[in-house]
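Overview (structure and organization)
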Amino acid sequence: MSAVRCTTCSRGCVLAKGAVGRCRARANVGGIIAPTGYGRVTSLAIDPIEKKPIARWNPGSTVLSLGGYGCNLHCTWCQNHSISQAGEHEVPWREIPPAQLVAMAEEAHARDARMVGIAYTYNEPLVCWEYVRDAGALAHDAGLANVLVTAGCVSERVVREVAPLVDAVNVDLKSFCDATYKKLGGDLTTVQTSIGVLARTPTCHVEVTTLVVPGVNDTREEMTSIASWLAELDDSIVLHVTRFFPNWRMRDRGPTPVARVYELADVAREHLPHVYVGNC
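1. Quick look at the nonpolar core
Side chains of a nonpolar character, in soluble globular proteins, are inclined to be buried together. Core analysis: the biggest nonpolar cluster contains 65 residues, and Leu-101, Leu-230, Leu-239 and Val-241 have the highest contact counts within it. Tallying contributions element by element places helix H6 (residues 188-199) first for this core, with six residues. When sequence neighbours within four positions are dropped, the list of residues in contact with Val-241 reads Thr-210, Val-212, Met-223, Val-261, Leu-264, Ala-265, Val-275, Tyr-276, Val-277 and Gly-278.

This is the structure:
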């Protein structure tokens, strides 16, 4: 049987029968690209909305957060690398179908009305975007909200499919340099398109996080580019400027100096009214 190209993200993996994509969560199953990570949950917790981070949507609320395995990027500093860089046989998981997930969220809401919905997070949820779509539709039917935490490095088709179901999103904008994205296996233009689609979805509240990594994206010039571009797109977008700590394969440098994070947040505030500092 001939190989099939996956169109979920810009990598465009061409997979022979039985082969798994670079994201570890999609494969060629019988000549069709299938989300083999669909409904396979590795992490489940009730989190404050501020942890996502979402700062200006339903503050004080909580969400039922879940993650699976796999990611189509390979950020060397990933704090969730144990699941994002894992595959089916490399991490424990349990199957939670969409209806069961929504029932769990309804039960949590019945116990505490501050629990407003479901957050798809921890790894890259859009490598199994069909699960986000299916669970998200059922959640809305049940009166629950959907929160998405994503790197946004997926095709415009995928983003348009899920955007109407997303009530709040945080997109991890890792850099404003395409060369940096290429080192991570991604594409800046793809992420910009994703943010644009979400920002133009009237029912979706948009926040963006940039982790300030020393020697990678910690210049005033790059922060100016990020903030000015977001302001041109929609100046109501919230930006989180966050401190890096050594992790996974990037332990060759110390944490971002606190003063540098605050300095870059001030740079961003020259363009955007809502800028928050994180991990300081």
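Back to the text.
2. Side note on the environment of Asn-123
Of note, Asn-123 is situated in the loop between strand E9 (115-120) and helix H3 (129-141). For the pair Asn-123 and Ser-84, spaced 39 residues apart in sequence, the C-alpha separation works out to 4.7 Å. In this view, Asn-123 contacts Gly-67, Gly-68, Tyr-69, Gly-70, Ile-83, Ser-84 and Val-149; residues no more than four positions away in its chain are not counted. At a separation of 3.1 Å, a polar atom in the side chain of Asn-123 contacts the main-chain carbonyl oxygen of Tyr-69.

3. Some thoughts on the pairing of strand E11 (residues 168-172)
Burial within E11 is extensive, with four of its five residues counted as buried. Where strand E10 (residues 145-150) and E11 come together, four bridges link them in parallel fashion. Among the inter-strand pairings, Leu-148 is bridged to a residue of E11, identified as Val-169. Handedness of the crossover joining E10 and E11 through helix H4 (residues 156-162): right-handed. The pairing of E11 with strand E12 (residues 205-212) spans five bridges and is classified as parallel. Pairing of Asn-170 across the sheet is with Glu-207, part of E12.

4. Details of empty space enclosed by the protein
The final tally for this structure, using the stated rule, is two cavities of 30 Å³ or more. The calculated volume of the largest cavity comes to roughly 170 Å³. Around the largest cavity, the lining is made up of 17 residues, and of these Gly-67, Gly-68, Asn-123, Pro-125 and Tyr-131 lie nearest the centre. Along the lines of polarity and charge, the residues of the lining of the largest cavity split into nine nonpolar, six polar and two charged. By volume, the second largest cavity amounts to about 90 Å³. Taken together, 13 residues make up the lining of the second largest cavity; nearest its centre are Cys-6, Cys-9, Cys-13, Cys-23 and Arg-26.

Analysis parameters
- Residues numbered from 1 in each chain as written.
- Predicted model: local features only at pLDDT ≥ 70, side-chain atom pairs only at ≥ 80, totals over all residues.
- Heavy atoms only, no water.
- Core = buried A, V, L, I, M, F, W, Y, C linked by side-chain atoms within 4.5 Å.
- Buried < 20%, exposed > 50% of the residue type's maximum accessible area, 1.4 Å probe, protein only.
- Helix = DSSP H or I, 4+ residues; strand = E, 2+ residues; numbered from the N terminus.
- Contact = heavy atoms within 4.5 Å.
- Polar contact = N/O pair within 3.5 Å; in protein donor to acceptor, adjacent residues only side chain to side chain.
- Pairing = 2+ DSSP bridges.
- Right-handed = clockwise from strand over helix to strand, strands pointing away.
- 1 Å grid on protein atoms, 1.4 Å probe; cavity = no way out; pocket = protein on both sides within 12 Å on 5 of 7 lines; lining within 4 Å.
- Points joined across faces, edges and corners; volume = space filled by probe spheres on them.
- Nonpolar A, V, L, I, M, F, W, Y, C, P; charged D, E, K, R; others polar.

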